[in-house]
Amino acid sequence: MSKAYTDHLGRPVVAVTGMGVITSLGQGLEDNWAALSGGVSGIHKITRFPTEGLSTRISGTVDFIELPAENAVERSYAMARETTLEALAQAGLSGDFSGPLFLAAPPIEPEWSARFELADRSPPSERPGDAYNRFLAAMRQKADPVFHEAVLFGSISERLADRFGTRGLPVTLSTACASGATAIQLGVEAIRQGRTDRALTVATDGSVSAEALIRFSLLSALSTQNDPPEKASKPFTKDRDGFVIAEGAATLVLESLEAAIARGARVYGILKGCGEKADLFHRTRSSPDGGPAIATIRAALEDAGIDETGIGYINAHGTSTPENDKMEYLSMSSVFGERLPTIPVSSNKSMIGHTLTAAGAVEAVFSLQTMLTGTLPPTINYQNPDPAIVLDVVPNVKRSQQVTAVLSNSFGFGGQNASLVMTAEPA
C-alpha cells in the first residue's frame, strides 16, 4: 500500500465519505448546521407525555418523524434509517453496502404504559413476584408484535442490516454517553486491520420517556431550569445545574482513503485517532482527578500521531453538569497546559442537549463540519462564566476560523471514556 494511504504506524488511513444527522434542530446536515452555527436551541417543553409533578419538564425530543408505533425502538430505528439514507446519498453509494455495521443504540426497556397494558390482560397472580410468568402467559395467549418489537433494542441493527445490505453480523453496542464515538472507533479499527474497505457507523437514541427523566432526576443529573427551555443548557457557566436530555442520530460512512480515492469519492475528513479508557471510580460519577479522561485524550493524540500542539479546536463533551464540566476542564488543562485558553472549545449540547447514546457520533459530524466550513459553532447561554473554568468557549456567537485538526470528547456514565481526533482531508 502506498505511503500516501497509510498513517504513521503503517495502517490504512480512514476517510469519512458520507454523513447524516438528526437532532431536535431538524433533519439533515444542512438544516442542523445552519441552526447550530446560528446559535439556535432545539430544547423545548415536553409534549410527548404528561410532565406534571416532574422536576424536569424540558427536553430535546425529536417529534417530527412519522412512526408506525410510539416507542423508543421504532423512534431510534427511524432516526438511524434516515441518517443512513442521507449519509449513503452523500457518499454516492447505492445497493448493498457490503461492509460491516456498527450501531450504538440505547439499552431501552418497554415504557410503563406498555407494561401496564400487558399487565391488564395478564392472568391473575398465583403467587407474589410472578409478574414475569404472567406476562409470558399473556403473550402466549395473544401475540403482540408491536410490544415484542418494542422490547428488542437489538433488532434495530438487524433491520438496518436488512435495509442497507451490510455484511456479516451487525454489532450493537452501548457504552453510555461514549457509545457514538465507540461505534466510530470500531469502524476505524475494522478498516485499519484490513478486515474491510468500508464500514457503516451509526448512533441513535430516541429513548426520552417519563421513566428516563425520573431516573436521571434521581441522580440529580438533569437541569431543573425549565423556563425558558432554551436557556437551560449552559456548559462551563457558574450557574449550570445539569444536562438536558435529548434525542438524535448520526451516521458516518467510513472508507479506507485508498478505496475512497479509487472510486472517486469526495473525502470530508479523516478519522485520525481514537482513544478509550475505563474509569472505575463510580458507576455514574467521573473520577474527580480526571485521570481516566486525561489518559483517553492522550491515547487519542498518540493514536493520531500528533501532539497537543496540533489540535486547533475541541468539541467538548460539555454536558452542563457541575461535576462533569469541572472534570473535563481538569483533563483538558492537564493535557494542553498553558495553551488551553487559546484553543477554541465549544459544546454543541448547549443547543441540542445531551443525545446520550448518539452524542459521540452527532458531535463527530459537527466536528467535521467545523473543519469543512471554517466556522466554529458557539456555546450559547454563556452569560455567567465559571471563574474556575478558564476556556475560550466561543461564547454565544459563531466564529469564522479555519482549523485542520479537531478533538471530540465523549465521557460517559459507567466510566466509559472515548476521544476522537479528526483532521481535514490531506492534500
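Anything mentioned here points back to the structure above.
Keep in mind it's a predicted model, so treat the numbers as computed, not measured.

Q: Explain the nonpolar core here, please?
A: As a rule of thumb, nonpolar side chains are buried together in soluble globular proteins. Counting 46 residues, the largest nonpolar core has Ile 184, Leu 252, Leu 254, Leu 271 and Leu 420 as its most contacted members. The leading source of residues in this core is helix 13 (residues 359–373), at 7 residues. Look past the residues within four positions of Leu 271 in its chain and what remains in contact with it is Val 14, Val 16, Ile 184, Val 188, Arg 192, Leu 254, Leu 420, Val 421 and Met 422. Ile 297, Leu 340, Val 345 and Ala 405 belong to the second-largest nonpolar core, a separate cluster that totals 26 residues.

Q: I keep staring at the pairing of strand 15 (residues 416–423) and nothing clicks. Help me out?
A: Regular strands show a simple pattern: their side chains alternate between the two faces of the sheet. Among the 8 residues in strand 15, 7 count as buried, and that is most of the element. When strand 9 (residues 269–278) meets strand 15, the two strands line up antiparallel, connected through 8 bridges. Paired with Ile 270 across the bridge in strand 15 is Thr 423.

Q: Would you explain the environment of Asp 197 in this entry?
A: Inspection of the secondary structure puts Asp 197 in the loop between helix 7 (179–192) and strand 7 (198–205). Here the alpha-carbon distance between Asp 197 and Ser 233, two residues 36 residues apart in the chain, equals 40 Å. Ignoring any residue separated from it by four or fewer positions in sequence, one finds Asp 197 in contact with Ile 191, Leu 254, Glu 255, Ser 256 and Ala 259.

Q: Is there a simple way to think about the packing of helix 10 (residues 291–304) against helix 11 (residues 322–336) in this case?
A: Contact pair helix 10 / helix 11: the axes reach a minimum separation of 8 Å and the direction vectors enclose 45°. The orientation of helix 10 relative to helix 11 falls into the category oblique. By crossing handedness, the relation of helix 10 to helix 11 is classed as right-handed. Contacts between helix 10 and helix 11 pair Ala 293, Ile 294, Ile 297, Arg 298 and Leu 301 from the former with Met 327, Ser 331, Met 332, Ser 334, Val 335 and Phe 336 from the latter.

Q: Just to check I follow, could you spell out the pattern of salt bridges for this structure?
A: A side chain of one charge can pair with a side chain of the opposite charge if their charged atoms are brought near each other. By the definition in use, this model includes 15 salt bridges. Glu 363 is paired through a salt bridge with Lys 349; the nearest N and O atoms lie 2.8 Å apart. Here the residue Glu 363 occupies a position in helix 13, and Lys 349 occupies one in helix 12 (residues 349–352), the gap between them amounting to 14 residues. Taking the relative accessible area as the measure of exposure, Glu 363 reaches 0% and is therefore buried.

Q: Please explain helix 1 (residues 29–37) as it appears in this structure.
A: The α-helix winds at 3.6 residues per turn, so residues separated by three or four positions along the chain end up facing the same way. Restricting attention to buried positions, one finds in helix 1 the residues Leu 29, Asn 32, Trp 33, Ala 35, Leu 36 and Ser 37. Trailing helix 1 by a residue or two, Gly 39 shows a phi angle of about 75°, which is positive.

Q: For this particular structure, what's the right way to read the side chain of Thr 251?
A: Structurally, Thr 251 is set in strand 8 (residues 248–256). Side chain to side chain, Thr 251 and Thr 84 meet in a polar contact 3.0 Å long. Contacts of Thr 251, omitting those with residues within four sequence positions, involve Gly 18, Met 19, Gly 20, Ala 80, Thr 83, Thr 84, Ala 87, Leu 200, Thr 201, Val 202 and Val 365.

Q: I tried to follow the side chain of Ser 76 on my own but got confused; where do I start?
A: Note on placement: Ser 76 falls in helix 2 (residues 72–91). Using a relative accessible area of 0% as the deciding quantity, one classes Ser 76 as buried. Polar contacts involving the side chain of Ser 76 include one to the main-chain carbonyl oxygen of Ala 72, which spans 2.8 Å. A polar atom in the side chain of Ser 76 sits 2.9 Å from the backbone nitrogen of Gly 206. Residues in contact with Ser 76, not counting those within four places in the same chain, are Pro 106, Ile 108, Ile 156, Thr 204, Asp 205 and Gly 206.

Q: Looking at this structure, how should I read the pairing of strand 9?
A: Note: strand 1 (residues 14–23) against strand 9, 3 bridges, orientation antiparallel. Bridge pairing in strand 9 links Val 14 to Leu 271.

Q: Is there a simple way to think about the packing of aromatic side chains in this case?
A: Each aromatic ring pair is specified by the distance between its two centres and by the angle formed by the two planes. In this structure the tally under the stated criterion is 2 aromatic pairs. For the pair Trp 33 and Phe 366, a centre-to-centre distance of 6.3 Å together with 40° between the ring planes defines the contact as tilted. Taken as a pair, Trp 33 in helix 1 and Phe 366 in helix 13 lie far apart in primary sequence, 333 residues in all. Residue Trp 33 shares its accessibility class with Phe 366, and that shared class is buried. Ring centres of Phe 216 and Phe 243 lie 5.3 Å apart, and the angle between their planes is 80°; this geometry places the pair in the edge-to-face category. Highlighted residues: Phe 216 in helix 8 (residues 210–218) and Phe 243 in the loop between helix 8 and strand 8, separated in sequence by 27 residues. Across the pair, exposure class does not vary: Phe 216 and Phe 243 are buried alike. Against the face of Phe 97 rests Arg 198, its NZ or CZ located 5.6 Å from the ring centre.

Definitions and limits used
- Residues numbered from 1 in each chain as written.
- Predicted model: local features only at pLDDT ≥ 70, side-chain atom pairs only at ≥ 80, totals over all residues.
- Heavy atoms only, no water.
- Core = buried A, V, L, I, M, F, W, Y, C linked by side-chain atoms within 4.5 Å.
- Buried < 20%, exposed > 50% of the residue type's maximum accessible area, 1.4 Å probe, protein only.
- Helix = DSSP H or I, 4+ residues; strand = E, 2+ residues; numbered from the N terminus.
- Contact = heavy atoms within 4.5 Å.
- Pairing = 2+ DSSP bridges.
- Axes fitted to C-alpha atoms, helices over the stretch in contact; angles between N-to-C directions.
- Parallel < 35°, antiparallel > 145°, perpendicular 65-115°, else oblique.
- Left-handed = near helix turned anticlockwise from the far one by under 90°.
- Salt bridge = Lys/Arg side-chain N within 4 Å of Asp/Glu carboxyl O.
- Polar contact = N/O pair within 3.5 Å; in protein donor to acceptor, adjacent residues only side chain to side chain.
- Phe/Tyr/Trp six-rings, centres within 6.5 Å; stacked < 30°, edge-to-face > 60°.
- Lys NZ or Arg CZ within 6 Å of the ring centre and 35° of its normal.

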